[in-house]
Amino acid sequence: MSTRTEDRPDVAQPRLGGVGWLRWTWRQLTSMRTALFLLLLLAIGAIPGSTFPQRSIDPARTAQWIADHPSAGPLLDRLGFFEVYASPWFAAIYLLLFVSLIGCVIPRTRILWHQLRSSPPRAPRRLDRLAAHRTEEVRGDPEEVREALRGALRGRRYRVHAHDGETLSAEKGYLRETGNLVFHVALIGVLVGVAWGHLLGWKGDVIVPVGKTFANTLSRYDTFSPGPWVDVTALSPFTLRLDDLDVEFETETTGRGQFGAPRDFQASTTFTDAEGRTDERSIRVNGPLETGAGTVFLLGNGYAPRITVRDAEGTVLYSDATPFLAQDNNYTSVGAVKVPGAAPQQLGFAGFFLPTGVIDDERGPHSVFPDALDPQLALTGFEGEVFPSGRPQSVYALDTEAMNAIPGADGADQLRILLRPGESFELPGARGSITFDGVERFAGLSIRTDPGKGLTLVAALLSLAGLVASLVIRRRRVFVRVGPGEQPGRTVVSVGGLAKDDDDGMADEVAAILTRLEGTR
């Protein structure tokens, strides 16, 4: 008999209306397969955030990357690759994953609740058909044996129910499903905590020389990344003065380790809160300072040579402790001095600070030890426009795109300056002078506030606990049937076990339950 549709034109094919398509879409979105796919997509989407420079972290480096890649840079910028975590496509993946997890959790919670309230199913008639089963004859009447087995099952943490006078149904392992559910709920908690921290959290980095005071205001930060809902005018008004920076380096070649390796960093500070209370506190690499309005981390340290630039009349154009960024373990540091107030052309100096300086023909200027045993300042001079096109710049680098090298007084194409503390150098062509006044240390501080970190931490621990529970705990059912034996005072006991998944230990579980009846054999 043919059942082809063309032979039965009166049969109407089912069609999905608007509600049907919405229901189908919702079921696809809330399936576990879709949630796993979105989780994978979120991880892939985060790759550009760690591959390309991010504008919120380093705008100068981002602008330079785009300028160095005129073809790919603008295209990637339009796609949001330099602001990944604030891009619409990343937010779409994030929100879809959030909705998908909620759609997975709600029905599974309902199912688990019904399972916890329901009784284990009745025992099958043929227990010998189960994967793990044993039948034995023991002494005692059926009621006594059944009660003994009930105690044995409860002793092994089974939930036991008697549907009639001859059988017992027992079940355990609900914590497996509970752990699975906790894992998914905790993932939602992680997403909420991360979103909460992103929206209401902020982070800022600042370089503070020894003896200087930092005030928690927007204008004092070198870089500042606020969340979308952060009011940058309402930062808690605390201050932090860097009193001292104690740095210890390895001075021996044997014993504790590598020569010149850092041993300890400690910043001694004076902290003043919003109510005017002053307290002396220290910050270490793994010991941040809690301010109540943010956590202060010690991320780095280095040297800030005090440099003064004067014009030909002796007027001070620049005088400050200028941070130089360490490039190696011996603190060979690069930096720049920018003097936009010079006339008739702006001046700039770029070069190296050497804590224990050596200059040779093979390696050029470099430091042989990280401590300031013989500090030297090696600079080259430029003149022109210090900030061309108004692009942001790193404080450690000099953009020479619109600048020309200052020729040396001896006819050299490039002016080269080497100074030790207290020395000055007269710039050629009545351009003034530059003085190396001394050396200070600086601390690189990062102040961060993340209101969602507590929730994120708790949710992450719960997700780990739930995952372990779902992998370790076994979901098992045991059925018992008792009946009179062939002789008076004897009882036939049949025990069968059934596991939800592959469980090689089910046979041993059945044997362990029957061991409670050994004295009655």
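Residues numbered from 1 in each chain as written. Predicted model: local features only at pLDDT ≥ 70, side-chain atom pairs only at ≥ 80, totals over all residues. Heavy atoms only, no water.

Draft legend 1. Looking closely at the environment of alanine 350. Mapped onto the secondary structure, alanine 350 falls in strand 15 (residues 346-354). For the pair alanine 350 and tyrosine 396, spaced 46 residues apart in the sequence, the C-alpha separation amounts to 8.5 Å. Filtering out sequence-adjacent residues up to four positions away, alanine 350 remains in contact with Gly335, Ala336, Ala378, Leu379, Thr380 and Leu398. (Helix = DSSP H or I, 4+ residues; strand = E, 2+ residues; numbered from the N terminus. Contact = heavy atoms within 4.5 Å.)

Draft legend 2. Region of interest: the environment of threonine 315. Here threonine 315 lies in the loop between strand 11 (295-310) and strand 12 (316-321). C-alpha of threonine 315 to C-alpha of glycine 432: the two residues are 117 residues apart in sequence and 8.9 Å apart in space. Apart from residues lying up to four places away in sequence, threonine 315 is in contact with Val309 and Arg310.

Draft legend 3. The arrangement of the packing of helix 2 (residues 32-45) against helix 6 (residues 88-117) in detail. Following both chains from N to C, one finds helix 2 and helix 6 inclined at 150 degrees, their axes separated by 9 Å at the closest point. One element, helix 2, and the other, helix 6, form an angle in the roughly antiparallel class. For the pair helix 2 and helix 6, the sense of crossing is left-handed. The residues of helix 6 that touch helix 2, namely those facing Met32, Thr34, Ala35, Leu38, Leu39, Leu41, Leu42 and Gly45, are Trp89, Phe90, Ile93, Tyr94, Leu96, Leu97, Ser100, Leu101, Cys104 and Arg108. (Axes fitted to C-alpha atoms, helices over the stretch in contact; angles between N-to-C directions. Parallel < 35°, antiparallel > 145°, perpendicular 65-115°, else oblique. Left-handed = near helix turned anticlockwise from the far one by under 90°.)

Draft legend 4. Representation of the sheet that holds strand 5 (residues 213-215) in the model. Within the open sheet, the 4 strands sit side by side as 5-7-8-9. Their pairing is antiparallel. Each edge of the open sheet is held by one strand with a lone partner, namely strand 5 and strand 9 (278-284). When the angles between neighbouring strand axes are averaged without regard to direction, this sheet yields 30 degrees. (Pairing = 2+ DSSP bridges.)

Draft legend 5. Representation of the sheet that holds strand 1 (residues 132-139) in the model. One open sheet accounts for 5 strands, arranged 1-24-23-3-2; its pairing is antiparallel. In the strand order of this sheet, the two ends are held by strand 1 and strand 2 (159-161), each with one partner. This sheet shows a mean twist of 20 degrees between the axes of neighbouring strands, independent of strand direction. Across 8 bridges, strand 1 lies against strand 24 (residues 490-499) in antiparallel orientation. The residue of strand 24 that forms the bridge with histidine 133 is glycine 496. Along the sheet, helix 10 (residues 506-514) makes contact with strand 1, strand 3 (167-172), strand 23 (476-484) and strand 24, crossing strand 24 at roughly 150 degrees.

Draft legend 6. Seen up close, the packing of aromatic side chains. Going through the model one piece at a time under the given rule, you end up with 16 aromatic pairs. Between tryptophan 65 and phenylalanine 82, the ring centres sit 5.4 Å apart and the planes meet at 55 degrees, which makes this aromatic pair tilted. Of this pair, tryptophan 65 sits in helix 4 (residues 59-68) while phenylalanine 82 is found in the loop between helix 5 (72-78) and helix 6, placing the two residues 17 residues apart along the sequence. For the ring pair phenylalanine 81 and tryptophan 89, a centre distance of 6.1 Å and an interplane angle of 50 degrees mean the geometry is tilted. When its relative accessible area of 28% is taken as the criterion, tryptophan 89 is described as partly exposed. One aromatic cluster in this structure is built from Phe52, Trp65, Phe81, Phe82, Tyr85, Trp89 and Phe90. Directly above the ring of phenylalanine 297 sits arginine 448, whose terminal nitrogen or CZ lies 5.7 Å from the centroid. (Phe/Tyr/Trp six-rings, centres within 6.5 Å; stacked < 30°, edge-to-face > 60°. Buried < 20%, exposed > 50% of the residue type's maximum accessible area, 1.4 Å probe, protein only. Lys NZ or Arg CZ within 6 Å of the ring centre and 35° of its normal.)

Draft legend 7. View of unusual backbone geometry. Cis rather than trans, the peptide bond between alanine 343 and proline 344 has omega equal to 5 degrees. Tracing the backbone shows proline 344 in the loop between strand 14 (333-339) and strand 15. Even without glycine at this site, tyrosine 331 takes up a positive phi of about 65 degrees. You can see tyrosine 331 is positioned in the loop between strand 13 (325-326) and strand 14. Phi angles above zero are rare outside glycine, and alanine 430 is one such case at about 55 degrees. Residue position: alanine 430 is located in the loop between strand 21 (424-427) and strand 22 (432-449). A relative accessible area of 65% places alanine 430 in the exposed class.

Draft legend 8. Geometry of the environment of leucine 218. Tracing the chain through its elements places leucine 218 in the loop between strand 5 and strand 6 (223-226). For the pair formed by leucine 218 and glycine 204, sequence separation is 14 residues and the distance between their alpha carbons is 8.8 Å. Those residues in contact with leucine 218, other than ones at most four positions away along the chain, are Phe224, Val232 and Leu235.

Draft legend 9. Structural detail: helix 2. Counted at 1.5 Å a residue, the expected span for helix 2 with its 14 residues is 20 Å, and the 20 Å between its end C-alpha atoms agrees. The inward-facing, buried residues of helix 2 abut helix 1 (18-29), helix 3 (47-51) and helix 6. (Expected span 1.5 Å × (residues − 1).)

Draft legend 10. Quick look at the pairing of strand 17 (residues 364-367). Bridge count for strand 16 (residues 357-360) against strand 17 is 4 bridges, and the pairing is antiparallel. Pairing of glycine 357 across the sheet is with serine 367, part of strand 17. Once strand 16 ends, the chain turns through 3 residues before running back antiparallel as strand 17.

Draft legend 11. Main features of the side chain of arginine 176. Within the element layout of this structure, arginine 176 appears in helix 8 (residues 174-200). Side-chain polar atoms of arginine 176 contact the backbone oxygen of serine 470, separated by 3.2 Å. If we ignore the near neighbours within four places in the chain, the residues touching arginine 176 are Ala469, Ser470, Leu471, Ile473, Arg475 and Asp501. (Polar contact = N/O pair within 3.5 Å; in protein donor to acceptor, adjacent residues only side chain to side chain.)

Draft legend 12. How the structure looks around the nonpolar core. Grouped together as the largest cluster of nonpolar side chains are 46 residues, with contacts concentrated most on Phe349, Ile434, Leu445 and Ile447. Not counting chain neighbours up to four residues away, the residues in contact with leucine 445 comprise Gly204, Asp205, Val206, Val208, Leu240, Ile283, Val296, Phe297 and Leu298. Counting residues in hydrophobic clusters, the runner-up holds 20 residues, among them Leu149, Tyr158, Val478 and Val493. (Core = buried A, V, L, I, M, F, W, Y, C linked by side-chain atoms within 4.5 Å.)

Read these as spatial facts, not as claims about activity.
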